[in-house]
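# Structural features, examined
Okay, here's what each chain looks like letter by letter:
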Amino acid sequence: MRLRVALAALAVAGAGIAAYLTYVHYADVAPVCSTGGCEKVQTSKYAELAGAPVALLGVVAYTVLFALAWVRGMAAAFAGTTVALVGVAFSGYLLWAQLGPIGAICQWCIGNDVVSAALAALCVTRLLRET
Amino acid sequence: MRSVTTGSYGGKPRAPLHHVCMARNARLLLLLAAIGVAVVVVGAVVLVGGGGGNGNAATSAPGSDASSATSRVAKRPLLAGIPQRGLTLGRAAAPATLIEFADPQCPYCAQWSNETFPAVVREFVKPGKVRLEFRGLHFLGPDSEKGLRAVLAAGLQNRAWNMIEQLYARQGAENSGWVNDDTLREAGSAAGIDVEKMMAQRYSARVSAQIVANDNLASQLGVRGTPTFALVRPPANPQPLEVGSLLPGDFTATLSAALGA
């Protein structure tokens, strides 16, 4: 139960970050930033996927993970692990884009990377423990 | 025949060992399946729609990630509703004017335009605190002059800032011929100006006179590189604005301090 509560808490944290970046995207405002590169990252081509801001996709993914955290059973654990691993892999790709082609670091993206990595680790743990 | 068990605690029998092993194997298979799905999904995204197909992005000069900048400029009507007159952007009644000396080919000018200019517009120009004035220079070579003439011609239509923003978003390698008619027409079109009029006025006497005036002012203020900034607070004469960093936060802090002084 504690594991699933932790999963839900992390999903809320991730959804908060993603929701803020989604707001920044649609409100056309500069994100609060201490690393100096947030706006460059947020306005780069890597910030959109098929016309949708990746932050919005993050909100959807974190919402799904939050919901799955409260569902018992192997199917929910498998679904959550799959979503979390897709998320962490995509976060890794975006981190590469920041360090390489974009040449700027966004603190919000780094925060998201940390949350998605922790979520993936917890989801894998849950899957291996689920009965 | 009795099953081998993993032992018992408190009188509660545990699952038979072979059941435990099967369950563990099933979980590992599910984990491998999840990893496989993640690899396939993200791999497909990277290959098809993740924006990773533009090799220029990885090798371009600072701030010249052309496709991302072009996309940003096209998507964001940053300058919509802000008055422009000639080479100025912002309200004529603004208490201060920030002059930018810039070369269309200078990569750091493009970086400033792509990254910092939006913050300056939002924090200073839109609220009416500052008016911007573009003073283009052309010391980097032939493409600089071609680009500058187009920007100054766009200024005759009161769209100089739209044009320079679009040009910086398309900046290419120095004197590689990137400032050609196609680039200018594309940038002009994106800037929302009468392209043919701009092309025709590039070599007009007014544009040539403006280039001379810009050179003279730069010489008068001792401009040695671009981008260089000067702040005008009438009735005082233009004063060079010493900028330690072109990053948005640092630049706006410097400008705030200068305006408050």
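Residues numbered from 1 in each chain as written. Chains lettered and ligands numbered in written order. Predicted model: local features only at pLDDT ≥ 70, side-chain atom pairs only at ≥ 80, totals over all residues.

### Comments concerning the overall build of chain A
On a plain count of helices and strands, chain A comes out with five helices and two strands. Expressed as a percentage of the 131 residues in chain A, the buried residues total 49%. Within chain A, counting contacts between residues at least 6 apart in sequence, those at least 24 apart form 76% of the total. (Helix = DSSP H or I, 4+ residues; strand = E, 2+ residues; numbered from the N terminus. Buried ≥ 20, exposed ≤ 12 C-beta atoms within 10 Å, placed from the backbone. Contact = placed C-beta atoms within 7 Å.)

### Considering the sheet that holds strand β4 (residues 88-89) of chain B
Sheet strands associate in pairs through backbone hydrogen bonding, adopting either a parallel or an antiparallel arrangement. All names here are of chain B. Judged by pairing direction, the sheet is mixed, and its six strands sit side by side in the order β3-β4-β6-β5-β7-β8 without closing on themselves. Only two strands of the sheet have a single neighbouring strand rather than two, namely β3 (84-85) and β8 (239-241). Judged from the two bridges that link them, β3 and β4 form a sheet pairing that is antiparallel. Across the sheet, the residue bridging to Arg85 is Thr88, located in β4. Against the sheet, helix α6 (residues 160-169) engages β3, β4 and β6 (130-136), with an angle of about 60° to β6. (Pairing = 2+ DSSP bridges. Axes fitted to C-alpha atoms, helices over the stretch in contact; angles between N-to-C directions.)

### Quick look at the packing of helix α4 (residues 107-125) of chain B against α6(B)
Residues and elements named next belong to chain B. Across the interface, α4 lies against α6 with an axial gap of 9 Å and an inter-helix angle of 115°. The angle between α4 and α6 places the two elements in the roughly perpendicular class. Note on packing geometry: the crossing formed by α4 with α6 is left-handed. For the pair formed by α4 and α6, the contact residues are Cys109, Ala110, Ser113 and Asn114 on the first element and Ile164, Glu165, Tyr168 and Ala169 on the second. Within the contact of α4 with α6, the residues separate by chemical class into five nonpolar, two polar and one charged. (Parallel < 35°, antiparallel > 145°, perpendicular 65-115°, else oblique. Left-handed = near helix turned anticlockwise from the far one by under 90°. Nonpolar A, V, L, I, M, F, W, Y, C, P; charged D, E, K, R; others polar.)

### Observations concerning the nonpolar core
Among soluble globular proteins, nonpolar side chains are generally buried collectively. Counting residues in each nonpolar core, the largest one holds 49 residues, and the members touching the most others are B:Val151, B:Ala154, B:Ala160, B:Met163 and B:Ile164. Aside from chain neighbours lying at most four places away, what touches B:Met163 is B:Ala150, B:Val151, B:Ala154, B:Ala187, B:Gly188, B:Ala191 and B:Ile193. Within the second largest apolar cluster, 47 residues are counted, among which are A:Ala18, A:Leu68, A:Phe78 and A:Val124. (Core = buried A, V, L, I, M, F, W, Y, C linked by C-beta atoms within 7 Å.)

### Remarks on the packing of helix α5 (residues 142-155) of chain B against helix α9 (residues 205-220) of chain B
All names here are of chain B. Running from N to C, α5 and α9 point in directions that differ by 110°, and their axes come no closer than 9 Å. The angle between α5 and α9 places the two elements in the roughly perpendicular class. Handedness of the α5/α9 crossing: right-handed. Contacts between α5 and α9 pair Leu148, Arg149, Leu152 and Ala153 from the former with Val207, Gln210 and Ile211 from the latter. Split into classes, the residues belonging to the contact of α5 with α9 amount to five nonpolar, one polar and one charged.

### A short note on the confidence of the model for chain A
On average, residues of chain A score 88 in pLDDT, and 95% of them reach the 70 mark or higher. Per-element mean pLDDT across chain A ranges from 75 in helix α2 (residues 38-42) of chain A up to 94 in helix α3 (residues 54-69) of chain A. (pLDDT = per-residue confidence, 0-100.)

### Observations concerning the pairing of strand β7 (residues 228-232) of chain B
Residue and element names in this part refer to chain B. In the sheet, strand β5 (residues 96-102) pairs with β7 via five bridges, with the strands oriented antiparallel. The partner of Ile99 across the bridge, within β7, is Ala230. With three bridges connecting them, β7 and β8 associate as antiparallel partners. Within β8, the position partnered with Phe229 by the bridge is Leu241. Between β7 and β8, which pair antiparallel one after the other, the connecting turn spans six residues.

### Some points on α9(B)
All names here are of chain B. Given a rise of 1.5 Å per residue, 16 residues ought to cover 22 Å, and the 22 Å separating the end C-alpha atoms of α9 matches this to within 8%. Turning to α9, its buried residues number three or more, namely Val207, Gln210, Asn214 and Ala218. Viewed end-on, α9 has its buried residues packed into an arc of 70°, placing them on one side of the element. Seen from the open side of α9, the exposed residues pointing more than 90 degrees away from its buried face are Ala205, Ala209, Val212, Ala213, Asn216, Ser219 and Gln220. (Expected span 1.5 Å × (residues − 1). Arc of directions from axis to C-beta.)

### Thoughts on the pairing of β6(B)
Along any regular strand the residues' side chains alternate between the sheet's two faces. Residue and element names in this part refer to chain B. Where burial is concerned, most of β6 is hidden: seven out of the seven residues are buried. Of the two faces of β6, the one lined by Val130, Leu132, Phe134 and Gly136 and the one lined by Arg131, Glu133 and Arg135 are each fully buried. Alignment of β5 against β6, held across seven bridges, turns out to be parallel. Residue pairing across strands places Leu98 opposite Leu132, the latter belonging to β6. Once you follow β5 into α4 and on to β6, the crossover reads as right-handed. (Right-handed = clockwise from strand over helix to strand, strands pointing away.)

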